[in-house]
Amino acid sequence: MGLLLLQGLAGAGMAQVCKPGPLQAAHLQHTAPNQCTMRLPGSLKSHGKIGNACTAHVPLKLSILQQPARYPQGSGTTIESASMVTIQLDIAQTVGLAAVLLVLGEFVKKHVSILERYFIPGPIIGGVLFSVLTLVGYQTGSFEFIFNDNIRAFLLLVFFTTIGFSASFELLKKGGVGVALFLGAAVVLVLIQNTVGVAIATSMGVHPLIGLAAGSISLTGGHGTSAAFGPLLEQAGAVGALPAAIAAATYGLVAGCLIGGPVGTLLMRRNNIQPPAASKVPSIQVPGAPIIKDTGENDSHDTVMYATILVTLAIGAGTIAVNWLKGMGITLPAYLGPMLVAAVMRNVIDWRDWQLPMRQFEVVGNVSLAFFLAMALMSMKLWELAQVAGPLLAILL
């Protein structure tokens, strides 16, 4: 419905003052018993509901804006205008769609050899395929999807909490000098990735945070970190940061397979190292998920409940800490608090020599990350990637 916005009154000339409130808008070709009739310059006449009947002579400048009527939204299909359909999904439907995309991604991966050869995760495949569908809807102006993001945020907390439970100082000490050297090399590479990325992004006239999205966030952190930081970078003004980070993480995964695979195989053969046995845990392996040694505990009710209690306690205490720091003026990512609390809990449990349900943590971490990635990618706006495609390629290559 076209709204006539009155942008400025160019003269006094009003026959009488309409009450209540000043005249601000008029609806074309619509009448009602208690409406004002405005006589506008020229032959254009408009009738608008003001509240009390009156006649106004308004010499003013008009601007016509097309604003599609929006009807109440709920779950299912909602018509936003004559040509656009908005499909809004509630929390259960969002999770159900993510499950379908997980199955679809695994199916496509098994039937497209190149995807399996380079270990492209099923959630990434399914989510990207759906984002292509949303791109078609955007380009044609025919439909759009709105998802419930609450469960996605919670799954992110669960995943990073399981990461925190894999942080053990005892294991670091056992690694000795090799772990220290690896840590030092990783820190240097992270600094190089971020410095080069920000410099190239700035020189090409895009937001500097795009350089971070194509730097250590994606190339070191992988898809999980990219999907976590992408929305934060977009909130900071870096349009297209999420699809850019996901694309860079995928590039890093493929490049790592092309470079690391042959080199790793050569080193294993030279040092007579056998590959580890396949895990017996039935889970979707996603890059970035915690890799935890199977300690042999069974999946009894008590063990699963123990793992659930530890994860939820860490999430609760961590979110309280993040909110408290926010009140002090220190803003941290929501997942950082639970991850740090889980790391402290892990090392206290190690110090007391108690048992940890590591196998259950691995399953929970893999499942939560898989669903999180599917939800993050199915809501990805691919059309925003076009704005940063050139700088992104320059940074990666």
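Residues numbered from 1 in each chain as written. Predicted model: local features only at pLDDT ≥ 70, side-chain atom pairs only at ≥ 80, totals over all residues. Heavy atoms only, no water.

Enquirer: So what exactly am I meant to see when it comes to the packing of aromatic side chains here?
Expert: The full count for this structure, using the stated rule, is nine aromatic pairs. Arranged with centres 5.9 Å apart and planes meeting at 80°, the rings of Phe-143 and Phe-145 form a pair that is edge-to-face. Overall, the relative accessible area of 23% leaves Phe-145 in the partly exposed class. With 5.0 Å between their ring centres and 65° between their planes, Phe-159 and Phe-160 make a pair best called edge-to-face. (Phe/Tyr/Trp six-rings, centres within 6.5 Å; stacked < 30°, edge-to-face > 60°. Buried < 20%, exposed > 50% of the residue type's maximum accessible area, 1.4 Å probe, protein only.)

Enquirer: Quick question: what am I supposed to make of the pattern of salt bridges here?
Expert: Oppositely charged side chains may form a pair once their charged atoms are brought near each other. The final tally for this structure, using the stated rule, is two salt bridges. Where Asp-350 meets Arg-346, a salt bridge forms, and the shortest distance between an N and an O atom there is 2.9 Å. Taken together, the residues span about one helical turn, with Asp-350 and Arg-346 both in helix H11 (residues 336–352) at a distance of four residues. Classification of Arg-346 as buried rests on a relative accessible area of 8%. (Salt bridge = Lys/Arg side-chain N within 4 Å of Asp/Glu carboxyl O. Helix = DSSP H or I, 4+ residues; strand = E, 2+ residues; numbered from the N terminus.)

Enquirer: Looking at this structure, I do not really get the environment of Cys-257. What am I missing?
Expert: Mapped onto the elements of the fold, Cys-257 is located in helix H9 (residues 241–270). Residue classification places Cys-257 among the buried residues on the basis of a relative accessible area of 18%. Expressed as a C-alpha distance, the spacing of Cys-257 and Phe-119, which sit 138 residues apart in the sequence, is 8.1 Å. Those residues in contact with Cys-257 that sit more than four places away from it in its chain are Tyr-118, Phe-119 and Pro-262. (Contact = heavy atoms within 4.5 Å.)

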